[in-house]
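The lines below spell out each chain.
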Amino acid sequence: MHLSQLSLALALAIGSTSALAQSTTGSIFGQAPVAKGESVQVKNTTGISREVPVDANGRYTVGSLPLGTYTVSLIKDGSAIDSRADVSLRVGSGTEVSFVAVAAKSLDTVSVSASSLPPIDVTSVDARTVITAQDLVRLPLARSAEAIALLAPGVVPGYSGFTSGTTGGSLVSFSGSSVTENAYYLNGFNTTDPLSGFGGISLPYGAIDQEEILSGGYGAAFGRSDGGVISQSGKRGTNDWHFGAQVQWTPAFANETTPDTYYVTGSNAGQIYRRNSDDKSWLATESAYIGGPLIKDKLFFFAAVEGQKQSGNNIGSTTSSYNTNYEYHNPKWYSKIDWNINDSNILELTGASTTHSYQGNEYTYDYTTGKTGAFNSSDTSIKNNAQVYIAKYTSYITDDLTLTALYGKQKMTYYNETPGSSSDLIYIDDSENENPAITGGTPITNSQTVSSQADPDHTATTNNLRLDLAYKLGNHTITAGIDNLNSHDVDDGTTSTMWVYGYGDANTAISDSPYVAAPATGAGGSTGYYVSKYIYDTSASVRVAQRAQYVEDSWQVDDRWLVKLGLRNDQFTNYNPNGEAFLRVTKPQWAPRLGFSWDVNGDSSLKVYGNAGRYYLAMPASVALRAAAGSLYTNEYYTYTGIDANGYPTGLTQLASSTGGAVSANDEYGQSPDAKTVAAANIKSEYQDEFLLGFAQQINTSYVWGMKAQVRKLRNILDDICDTSTILTKAESLGYSIDTSAMNGCYLSNPGRSNTYVLKNTAGGYDDVTVSAAEFGDPQAKRSYYGLETFLEHPFDGKWQGKIDYVFSRSYGDTEGQVRSDIGQSDVSATVDWDYGQVMEHSNGTLANDRKHQLKIYGSYQLAPEWMLSGNIFIASGTPKTCLGYYGADETNPIGYGSYYHYCGGVASPPGAAGREPWQHIFSLSAEYRPMWAGQKLGFNVMVYNLFNNSVPTSTYAIYGSSTALNTNYDRVTYWSTPRYVRFGVNYDF
């Protein structure tokens, strides 16, 4: 059955389940003897207590429990006749605690440890990995949410050039999806970057209680993601006061450097491009926490702070030869108050903040001598901050009815400036393309280091309201809720003016559409050298409203079969600076979710599970800056006969163009588009269908193994199409008289489908024009992923733990998603893809986030009471390489995009045809010593990341140029994997 048909069937057939709605809670379930008056009581170490009856089939479930440690007791006639102590919950998961028939006796004689419980959760139907605070203490990891997420199967590092705007950290890809398609949660609040989806706010490392990584199959409570979910739950206070502190140091002397980078093609082949071996840095992190009862069993407090400072230097490339001394400061804080109002009502208040700041000074650097010279200028300073405040209320109205309400607000500020930057100087770009007959082979630049400037008043806010109501009705647990998210982006924008030097075939037009004449037509251009004056300006305040409703039914069909039926409906509206909706997708977007779990043996020792679902993705706020806010993006082309001391061209001759002056490949001349015309009238959101089938089996009390197959199919993509001439031709063929001056440079569309555009006519009205994918020359949009995982796990038994996970996967098609990693293009849903049919020819291939083989091994071993050893291994095949050149066998430039066609030297070059980057082999180890003489409260630890210093290329420059004008940067390494570093630490916990 197709998912659209399935959605109708589900809408008629179901209520829905909570699937533990915001993934900040867990549940306890199990079997108990069927006897009159029996019930099960769960009691937390913080005093929370709930008691539920055993049903007629001998089953019980206690849901929506705060994370923590519980004692579970079987109650008869008011007395405990059996008990399980030290039951720890995992976020979003169910923990089974079952009882056999026993005679009434004293609690002391029947209380047993929960460590013997089966490790398989037969209540889950998704692909979920939970990493606890205990795991984080033991495992050798970088201190970020993304580094933790890399432990999950199918999660791989994203393109190194993409980083989080608020944390500056690296990003990850889930099962072939782009890095902007993930959702981040903190204590149930959606902290995903509202501007572009590049990351989200995370907790101080020592404040993380559990991190839940949902890599597929998640329930209807979650949405706005077709990648994965990274959800962190922070620690909370208990009835005992605890405090602690930690200092970690990564010294420069113990760090290896990234390999030097060299040109590999053209006349510069073999010459150095960047001397990374002269880069040095050190990192220090200080953190502390405190938590305990303000009122025992009632009111609890927890707080944590973390300060991180990194200092070092960075050598620029030979085309920008500066030695930059820099400092990063990344402080974080987190606080939480938990109030057990009574046994039926809980209130949680959370506050968190993270700041990412950078300062640097640039000094001249001589590549010949390797010496650093005098101060040149200050680098652009950055200070980005995000603050989150959340209130969550849980009411156990009855044993069968639970209400959860959450409201949170996030405020983000973005600030950058360049001290001492001169507004009188224009930035010089691509100076390596300056005519060597004029420069003597040494590029001429100036002291201007700023290529663009952001608005210093830029801020953004997000608020998230969630209401979830769960009702247990017989064998059904029905959950329904709303999930509303609003974001407001204020004073966002960038301005830039540059002289950009270029080189090409002297007798070939620089651009055919829009037309720019060949260099040879101007004085000094006979050898193919030219220059353009580049001007870029976007500035706007925009907002996005996202609404969702969901319902889900968790149906315990019998003692072995669980079925989860869910349905979600999302609505997305994006507004331009005038408050007008330019993208409104509010018709029902049904996202059905269907999952099952089969407890084969009835004892949680073997689970077979499956899942099918649809997932919609909203457009972030930044889409409006290029699509709906009137951006300016032009180039004015010249030839030149000289270059002055500032790097400015002299003896300019303006090249003929279709406009008589500056040209814009996408007609972005600063005009504000009519909101009615920005997006196709029949536009739909990006969405993806996913299918899971797997099993997990307990081999014995010590080992679990399993396999999982995962398939993802992208059904619809949202990007811009800029082929206005085809749209106009279609309109004229229909007899319409279109006002061409009111046409936009690009239109938000569903590429690979027929799109209907609203165009202004000369009479002042509007005409609807439908253009098919075939008329644009576009293929069907495609992104397919399949993966097969197998794992073997030994849970921690007090002595050791370990997990081996292998994934074989393929990710292929003609679109990566919202961004393009192969060329580092971060313009969300405004990539070069789909702009014109010519750039999509031969675009079907292996996609940028494809990692055919992934092997992950991690674990820890208690060598002695005082010594803990841990390891983490990541082995993965390299990502595909791309070669982009001029169009067709004769290497022309029909749409003016230069070397961005899927041809390489005149030969068709689909993604991946240029080969792959090398395999990565990252082996990391750590050791911790907790001496008995300090009561094991004091710990000394050391971690070695990338023990064998396997630093290999992770991406290379994809722009080939042409056979007659080869781009000297082609195939040059742009990023390397992180080399070896050593981290020392001391911590004290009391």
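Refer to the structure printed above.
In this text the structure is predicted, and so the values were computed from the model without any measurement.

S.K.: Pulling in residues and values, what's your account of the pairing of strand S43 (residues 704-716)?
M.R.: Direction of pairing for strand S42 (residues 686-698) relative to S43: antiparallel, over a ladder of twelve bridges. Bridge pairing in S43 links Phe 691 to Val 711. Hairpin connection from S42 to S43: five residues lie between these consecutive antiparallel strands. Bridge count for S43 against strand S48 (residues 783-794) is ten bridges, and the pairing is antiparallel. Across the sheet, the residue bridging to Val 704 is Glu 793, located in S48.

S.K.: Hey, could you go over the state of the cysteines for me, with residue numbers and the actual values?
M.R.: Applying the stated criterion across every chain yields a total of two disulfides. Each disulfide pairs two cysteine sulfurs, and for Cys 722 the partner residue is Cys 746, the sulfurs being separated by 2.0 Å. Every disulfide takes its handedness from the sign of the S-S torsion; for Cys 722 and Cys 746 that torsion is 100°, giving right-handed. With Cys 722 in the loop between strand S44 (719-721) and helix H7 (724-733) and Cys 746 in the loop between H7 and strand S45 (747-749), this residue pair connects regions lying 24 residues apart in the sequence. According to the relative accessible area criterion, Cys 722 is buried, its value standing at 1%.

S.K.: Give a description of the sheet that holds strand S1 (residues 25-31) that names residues and reports values.
M.R.: With respect to topology, three strands assemble into an open sheet ordered S4-S1-S7, the strand pairing being mixed. Strands with a single pairing partner mark the edges of an open sheet, and in this sheet they are strand S4 (59-66) and strand S7 (94-96). For this sheet, the mean angle separating the axes of adjacent strands, direction not counted, is 20°. Bridging between S1 and S7 involves three bridges; their strand directions are parallel. From the neighbouring strand, Phe 29 faces S7, where its bridge partner is Glu 96.

S.K.: Can you break down the pairing of S42 residue by residue, with the values?
M.R.: Sheet analysis places strand S37 (residues 606-617) next to S42, joined by twelve bridges and oriented antiparallel. Opposite Leu 617, over in S42, you have Glu 686 as the bridge partner.

S.K.: Give a detailed account of the pattern of salt bridges, specifying residues and quantitative values.
M.R.: Under the criterion given, the structure shown has 29 salt bridges. Taking the shortest distance from any N to any O, the salt bridge between Arg 128 and Glu 212 comes out at 2.0 Å. Residue Arg 128 is located in strand S9 (residues 127-132), and its partner Glu 212 is located in strand S14 (residues 208-216); the two are separated by 84 residues in the primary sequence. You can call Glu 212 buried: its relative accessible area is 0%. Close ionic contact of Asp 483 with Arg 568 constitutes a salt bridge, the shortest N to O distance being 3.1 Å. Highlighted residues: Asp 483 in strand S30 (residues 476-503) and Arg 568 in strand S34 (residues 561-575), separated in sequence by 85 residues. There is no split in this pair, since Asp 483 and Arg 568 are both buried.

S.K.: Explain empty space enclosed by the protein to me, and be specific about the residues and the numbers.
M.R.: Here the structure, examined in full by the defined rule, presents 14 cavities of 30 Å³ or more. The wall of the second largest cavity is formed by 22 residues, among which Thr 192, Asp 193, Pro 194, Gln 546 and Pro 620 lie closest to the centre. Sorting the residues of the lining of the second largest cavity by element identifies S30 and strand S33 (529-556) as the ones contributing at least two each.

S.K.: Account for the sheet that holds strand S15 (residues 229-234), naming residues and giving values.
M.R.: As summarised here, the arrangement of the five strands in space is S9-S14-S15-S12-S13, forming an open sheet in which the pairing is mixed. The outermost strands of the open sheet, each flanked by one partner alone, are S9 and strand S13 (189-190). Where S9 lies against S14, six bridges are found, and the strand directions are antiparallel. Counted as the bridge partner of Val 130 is Glu 212 from S14.

Cut-off values and rules
- Residues numbered from 1 in each chain as written.
- Predicted model: local features only at pLDDT ≥ 70, side-chain atom pairs only at ≥ 80, totals over all residues.
- Heavy atoms only, no water.
- Pairing = 2+ DSSP bridges.
- Helix = DSSP H or I, 4+ residues; strand = E, 2+ residues; numbered from the N terminus.
- Disulfide = S-S within 2.5 Å.
- Buried < 20%, exposed > 50% of the residue type's maximum accessible area, 1.4 Å probe, protein only.
- Axes fitted to C-alpha atoms, helices over the stretch in contact; angles between N-to-C directions.
- Salt bridge = Lys/Arg side-chain N within 4 Å of Asp/Glu carboxyl O.
- 1 Å grid on protein atoms, 1.4 Å probe; cavity = no way out; pocket = protein on both sides within 12 Å on 5 of 7 lines; lining within 4 Å.
- Points joined across faces, edges and corners; volume = space filled by probe spheres on them.

As far as function goes, none of this settles anything; it's purely spatial.
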